[in-house]
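Residue strings, one per chain:
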Amino acid sequence: MPVVDIPGSKSITARALFLAAAADGVTTLVRPLRSDDTEGFAEGLVRLGYRVGRTPDTWQVDGRPEGPAVTEADVYCRDGATTARFLPALAAAGHGTYRFDASAQMRRRPLLPLTRALRDLGVKLRHEEKEGHHPLTVEAAGVEGGEVTLDAGLSSQYLTALLLLGPLTRQGLRITVTDLVSVPYVEITLAMMRAFGVEVGREGDTFVVPPGGYRATTYAIEPDASTASYFFATAALTGGEVTVPGLGEGALQGDLAFVDVLRRMGAHVEIGADRTTVRGTGELRGLTVNMRDISDTMPTLAAIAPYASGPVRIEDVANTRVKECDRLEACAENLRRLGVAVETGPDWIEIQPGTPASGVEIKSYGDHRIVMSFAVAGLRAPGISFDDPGCVRKTFPGFHEEFAELRAAIG
C-alpha cells in the first residue's frame, strides 16, 4: 500500500512565516514547505530585515513585533499570492517606505479590497500603475487599529492579512466581513494565531482581534491537503489505495474534505487520528457538489470527472476564476481538448462522462494545480503532456517524480 509523503502546506507555511516574523522571540518552523512560493515569502522577510535561518527540515525566524528592521525595502513577491497580500500588511505595522512588486501573473490578480481596508485604517499606500494591483508602495507609520469593513468575496486572504495584522496594531481590530469565500482557510488562520498566543473573538460577521502581539513558539507544518488531493484522486480513479500520514482528524486544512467528495463518488475513505487512506472501489459515480469552501481542489475533481458513471457538476466556485489563472475555463478548455463534453456558467462547471483522447497536450496556463490535476487524468489517457510541466515548483517541486513513483506502485 503506497504511503505518500506530501510536502508541507503552502497556506500554513506562509501564515507561520508571518506569525514568526511578528512574534516576540525566535520561532522554529518544523518541516516547512520548500517551494517557489514559500522561498519567495522567506526572501521577502529577509528583504524587510528579518533574520531567517534555513536548514532542510527547520526554519528559524527572529521575530520583530515592532515591524521590519529596515526603513526602506524593495520586495519582489514572485507568483505568490500569500506573499503579495500578507507582506504589505506586515510592513504597514512598521516604520518606513516599502515597495512591493510581483510577477506579471500576480500583477493581474486583485488586491483592492485589502488595500482599501488598509487605507480605511489610516495606512498610507499607493498603487503605482493600475489601481488595486501591484506594484504597491506602503509608507508605514504603525497602525492605530479600530473598526474596518472588508469584502472577502474574491479571496479569504484579504481577511487573513487583516487578522494577522490585528495584534500588531495599537488598539486591535474589529473587522466586519460583508462576503467571504474559502471559510476553512480563515479557520486555519484563527487556529494558528491561537498557537502564537492570540485569541480572536467573533460577533456575527465581525472578527474582534485584540492588541498585544504574538509569542514565539515551535510550530510543525502539516502536509498540504490540496496537494494530497491528487494522490487521493489517483486511488479513487485506479482502484488503488493511498495513505497520507500527517493529515487526519485534527487537520487544520479544510481541503481534506475533498475525500468526502470521493466517498460520495464511491471510494472507501478512512480518516484516522494522524493519517487518511483512500481506496478505490472500481466505481466513480457522478454527483453535484458545492465546492465553495474547498475550491482549490475543484480542478482535481474536474480532471477525474469524465471517468464517472454520470455527469459531475461543480457549483459555487466563482473565485476559481481569479486564481493563478481562470481555473474554470482552464479545466473546461483542457477537458474539451481531451474530447469531453463540458458546460460552464459564471460559478459552475458540468462535465459529462466520456473516454478522454490519448496523446493530448494540456495547456497549463502557468498554473501548478492545472498540471497536477491533469496528471491524474493522464493515468487513464495515455500520452498526456504539458506545455509547462515545471510550473509545479510553485508548491511541489518534486511532484512529477513522486507521482511517477505512485503510478508505478499502483501499477
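Residues numbered from 1 in each chain as written. Predicted model: local features only at pLDDT ≥ 70, side-chain atom pairs only at ≥ 80, totals over all residues. Heavy atoms only, no water.

1. Some remarks on the overall build of the chain
Inference 1: If you tally the helices and strands in the chain, you get 13 helices and 23 strands.
Inference 2: Relative to the 2.2 N^0.38 estimate, which gives 22 Å for 411 residues, the radius of gyration of the chain is 21 Å and therefore close to what a compact globule would have.
Inference 3: Its C-alpha atoms put the chain at 60 × 40 × 40 Å along the principal axes.
Inference 4: A total of 411 residues make up the chain; the buried ones form 59% of that total.
Inference 5: Long-range contacts, defined here as pairs at least 24 residues apart, represent 72% of the contacts in the chain between residues at least 6 apart.
Inference 6: Surface exposure of the chain reaches about 14,600 Å², of which carbon and sulfur atoms provide 46%.
Inference 7: Between the averaged position of the 42 positive side-chain charges in the chain and that of its 53 negative side-chain charges there is a distance of 2 Å. (Helix = DSSP H or I, 4+ residues; strand = E, 2+ residues; numbered from the N terminus. Rg over C-alpha atoms; globule rule 2.2 N^0.38 Å. Buried < 20%, exposed > 50% of the residue type's maximum accessible area, 1.4 Å probe, protein only. Contact = heavy atoms within 4.5 Å. Areas by Shrake-Rupley, 256 points an atom, 1.4 Å probe, with all protein chains shown as cover. Lys, Arg positive; Asp, Glu negative; His and termini not counted. Charge placed at Lys NZ, Arg CZ, Asp CG, Glu CD.)

2. Description of the nonpolar core
Inference 1: In terms of nonpolar packing, the biggest core is built from 75 residues, with Leu159, Leu162, Leu163, Ile175 and Tyr214 touching the most fellow members.
Inference 2: The element best represented in this core is helix H1 (residues 10-22), accounting for nine residues.
Inference 3: Among residues more than four places away in sequence, those in contact with Leu162 are Leu114, Ala117, Leu118, Leu121, Val148, Leu150, Leu173 and Ile175.
Inference 4: Within the second largest apolar cluster, 68 residues are counted, among which are Ile294, Val340, Ala377 and Cys391. (Core = buried A, V, L, I, M, F, W, Y, C linked by side-chain atoms within 4.5 Å.)

3. Quick word on the packing of aromatic side chains
The way to describe two aromatic rings as a pair is by their centre distance and the angle between their planes.
Inference 1: Under the criterion given, the structure shown has eight aromatic pairs.
Inference 2: Between the aromatic rings of Tyr230 and Phe399, the centroid separation amounts to 6.2 Å while the plane-to-plane angle is 80°, which identifies the pairing as edge-to-face. With Tyr230 in helix H8 (residues 225-238) and Phe399 in helix H13 (residues 399-410), this residue pair connects regions lying 169 residues apart in the sequence.
Inference 3: A relative accessible area of 0% means that Phe399 is categorised as buried.
Inference 4: Members of the aromatic cluster, joined through ring pairs, are Tyr230, Phe231, Phe396, Phe399 and Phe403.
Inference 5: Sitting over the face of the ring of Trp348, Arg313 holds its NZ or CZ atom 4.2 Å from the ring centroid. (Phe/Tyr/Trp six-rings, centres within 6.5 Å; stacked < 30°, edge-to-face > 60°. Lys NZ or Arg CZ within 6 Å of the ring centre and 35° of its normal.)

4. Section: the environment of Thr13
Inference 1: The residue Thr13 is located in helix H1 in this model.
Inference 2: By relative accessible area, Thr13 is classed as buried at 0%.
Inference 3: Once residues within four sequence positions are removed from consideration, Thr13 is found in contact with Pro32, Leu33, Thr38, Trp59 and Ile221.
Inference 4: A polar contact of 2.7 Å, which involves the side chain of Thr13, links it to the backbone oxygen of Ser9. (Polar contact = N/O pair within 3.5 Å; in protein donor to acceptor, adjacent residues only side chain to side chain.)

5. Comments concerning helix H2 (residues 36-47)
Inference 1: Its twelve residues give H2 an end-to-end C-alpha distance of 16 Å, which sits within 8% of 16 Å, the value for a rise of 1.5 Å per residue.
Inference 2: Regarding H2, the residues found buried are Asp37, Thr38, Glu39, Gly40, Phe41, Ala42, Gly44 and Leu45.
Inference 3: In the stretch just after H2, Gly49 is the one whose phi turns positive, near 95°. (Expected span 1.5 Å × (residues − 1).)

6. A few points about the sheet that holds strand E20 (residues 342-344)
Sheet strands associate in pairs through backbone hydrogen bonding, adopting either a parallel or an antiparallel arrangement.
Inference 1: Taken in spatial order, the four strands make up an open sheet running E18-E19-E21-E20, and their pairing is mixed. Of all the strands in the sheet, just strand E18 (287-290) and E20 have a single pairing partner and so form its edges. Put simply, the sheet's adjacent strands are angled 10° from each other on average, direction ignored.
Inference 2: As paired elements, strand E19 (residues 312-315) and strand E21 (residues 349-351) share three bridges and run antiparallel to each other. Within the sheet, the bridge partner assigned to Arg313 lies in E21 and is Glu350.
Inference 3: Against the sheet, helix H9 (residues 258-265) engages E18 and E19, with an angle of about 165° to E18. (Pairing = 2+ DSSP bridges. Axes fitted to C-alpha atoms, helices over the stretch in contact; angles between N-to-C directions.)

7. Section: the pattern of salt bridges
Inference 1: Inspection of the entire model under this criterion finds 36 salt bridges.
Inference 2: A salt bridge links Lys10 to Asp37, with the shortest nitrogen-to-oxygen separation between them at 3.5 Å. Placement of Lys10 in helix H1 and of Asp37 in helix H2 is noted, with a sequence separation of 27 residues between them.
Inference 3: A salt bridge links Arg313 to Glu350; its shortest N-O distance comes to 3.1 Å. Of the two residues, Arg313 is situated in strand E19 and Glu350 in strand E21; the sequence distance between them amounts to 37 residues. (Salt bridge = Lys/Arg side-chain N within 4 Å of Asp/Glu carboxyl O.)

8. Quick look at the pairing of strand E5 (residues 72-76)
Inference 1: Judged by which residues are buried, E5 turns out to be one-sided: Ala73 and Val75 face inward and are buried, whereas Glu72, Asp74 and Tyr76, on the alternate face, are not.
Inference 2: Bridge analysis of E5 against strand E6 (residues 95-101) gives five bridges, and the strand direction is parallel. Opposite Val75, over in E6, you have Phe100 as the bridge partner.
Inference 3: Following the chain from E5 across helix H3 (residues 81-92) to the adjacent parallel E6, one finds a crossover that is right-handed. (Right-handed = clockwise from strand over helix to strand, strands pointing away.)

9. Some remarks on the sheet that holds strand E7 (residues 124-127)
Inference 1: With mixed pairing, the four strands of this open sheet are ordered in space as E5-E6-E8-E7. Only two strands of the sheet have a single partner each, and these edge strands are E5 and E7. Neighbour-to-neighbour, the strand axes of the sheet open up by a mean angle of 15°, direction not taken into account.
Inference 2: Sheet strands touched by helix H5 (residues 112-120): E7 and strand E8 (136-141). Its angle to E7, the strand with the most contacts, is close to 150°.

10. Details of the state of the cysteines
Inference 1: Under the defined criterion, the tally for this structure stands at zero disulfides.
Inference 2: Cys77 forms no disulfide, and the closest cysteine sulfur to it belongs to Cys391, at a distance of 19 Å.
Inference 3: Free of any disulfide, Cys325 has its nearest cysteine sulfur in Cys331, 7.7 Å distant. (Disulfide = S-S within 2.5 Å.)

11. Things to note about the environment of Leu162
Inference 1: Locating Leu162 in the fold gives a position in helix H6 (residues 157-165).
Inference 2: Assessed through its relative accessible area of 0%, Leu162 is described here as buried.
Inference 3: Note: C-alpha distance between Leu162 and Gly197 (35 residues apart in sequence) is 17 Å.

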